[in-house]
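Each chain is listed here by its residues.
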Amino acid sequence: MSDERPQKPLPEEQLSRETTSLEKAPSVSGPGASAAPAAPALRASDADRERVVERLRDAVAEGRLDMEEFQERLEAAYASRTYAELEPLTRDLPAVGGAPAGAAAMAAGPGQEQAAWPERIGGAGTSSTAVAVMSGFQRKGQWTVPARFNAVAFWGGGDLDLREASFSQREVVITCIAVMGGIQITVPPGVEVDVRGIGVMGAFDQRGNPGPLQPGAPRVVVTGFAMWGGVEIRVKPLKADRENKPRRRKEL
């Protein structure tokens, strides 16, 4: 009998065998392995879709999109269900403030709408007419502006304050008739105002800078007729908003 004993494998041989056994080991990604669930896509709201549609309409007016491209993107916007589906539709379009439109529309993120405008658009109008004959009228605070509002001032005056108001639609039209009287309309910054009124020995006057238009903010069209009277549109923040702004230190 031979008393030779098997020699121990060298370290290199042992390492090679271990590597081979690891290569033959079953992979964790096999049929029996459980894969980690993918993160769900964020759902877009109706307000998110409307913001994208508004930007597409602006792009058509600016000549950035032709009607065929607009129709394709419009259909895709209304069919979109997630932010990932909406974002490419405006990725190549600049927003009003100069930033990419997709970033502007999604800047607030889901459930954090900028300026809370989506929550303030919709519903029935509180009233549709205001008349002042040798007297005055006032609408202020929390009220709902209808799609069309008529204001008449004859030897009197009226005050329409929209800073805390809600709006029944994204665009509202306020028709003012001022005869030897005056009507004042106050809007918050960031709201688009379109003045179309006609003045005969009177005027339609817009004062104040609306600043950059806020995403989702309503559009207020002011039209009508002023004779020996006037309609003034003012852009003014609420007192609470002014107080919240940081005060600059006076320079000595």
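Keep in mind that this is a model prediction, so the values were computed, not measured.

Let us look at the packing of aromatic side chains. Applying the stated rule across the entire model yields three aromatic pairs. Residues Trp143 and Phe149 carry aromatic rings whose centres are separated by 5.7 Å and whose planes lie at 65° to one another, so their mutual orientation is edge-to-face. Here Trp143 and Phe149 have matching classes, each one buried. Ring geometry for Phe154 versus Trp155: centroids 5.7 Å apart, planes at 5°, classification stacked. When its relative accessible area of 33% is taken as the criterion, Phe154 is described as partly exposed.

It is worth spelling out the pairing of strand E5 (residues 157-161) at this point. With four of five residues buried, E5 lies mostly within the body of the structure. Both strand E2 (residues 136-139) and E5 contribute to a ladder of four bridges, which runs parallel. Across the sheet, residue Arg139 finds its bridge partner in E5, namely Leu160. In this sheet, strand E8 (residues 182-187) lies alongside E5 in parallel orientation, the contact comprising five bridges. Its bridge partner lying in E8, Leu160 is registered against Ile185.

This part is about helix H3 (residues 67-79). End to end, H3 covers 18 Å across 13 residues, agreeing with the expected 18 Å (1.5 Å per residue, within 8%). Against helix H2 (46-61) and helix H4 (83-86) lie the buried residues of H3.

The subject of this paragraph is the pattern of salt bridges. Taken as a whole, this structure holds 12 salt bridges when the rule is applied. A salt bridge links Glu54 to Arg170; the shortest N-O distance between them is 3.9 Å. On the criterion of sequence distance, the pair formed by Glu54 in helix H2 and Arg170 in the loop between strand E6 (166-167) and strand E7 (171-179) is long-range, its members being 116 residues apart. When its relative accessible area of 29% is taken as the criterion, Arg170 is described as partly exposed. When salt bridges that share partners are traced, they join Glu171, Glu192, Asp194, Arg196 and Arg219 into one network.

Ranked by internal contacts, the top residues of the largest apolar core, which has 30 residues, are Leu162, Cys176, Ile185, Val222 and Val231. The element contributing the most residues to this core is E7, with four residues. Beyond its immediate sequence surroundings of up to four residues, Ile185 is in contact with Leu160, Leu162, Ile174, Cys176, Val222, Val231, Glu232, Ile233 and Arg234. Membership of the second largest hydrophobic core comes to 12 residues, among which are Val52, Leu56, Leu89 and Leu93.

Another aspect to go through is the environment of Ala217. If you trace the backbone, Ala217 turns up in the loop between strand E11 (203-207) and strand E12 (219-227). Considered as a pair, Ala217 and Arg120 are 97 residues apart in the sequence and their alpha carbons are 9.1 Å apart. Apart from residues lying up to four places away in sequence, Ala217 is in contact with Trp117, Arg170, Gly190 and Val191.

The rules behind each value
Residues numbered from 1 in each chain as written. Predicted model: local features only at pLDDT ≥ 70, side-chain atom pairs only at ≥ 80, totals over all residues. Heavy atoms only, no water. Phe/Tyr/Trp six-rings, centres within 6.5 Å; stacked < 30°, edge-to-face > 60°. Buried < 20%, exposed > 50% of the residue type's maximum accessible area, 1.4 Å probe, protein only. Helix = DSSP H or I, 4+ residues; strand = E, 2+ residues; numbered from the N terminus. Pairing = 2+ DSSP bridges. Expected span 1.5 Å × (residues − 1). Contact = heavy atoms within 4.5 Å. Salt bridge = Lys/Arg side-chain N within 4 Å of Asp/Glu carboxyl O. Core = buried A, V, L, I, M, F, W, Y, C linked by side-chain atoms within 4.5 Å.

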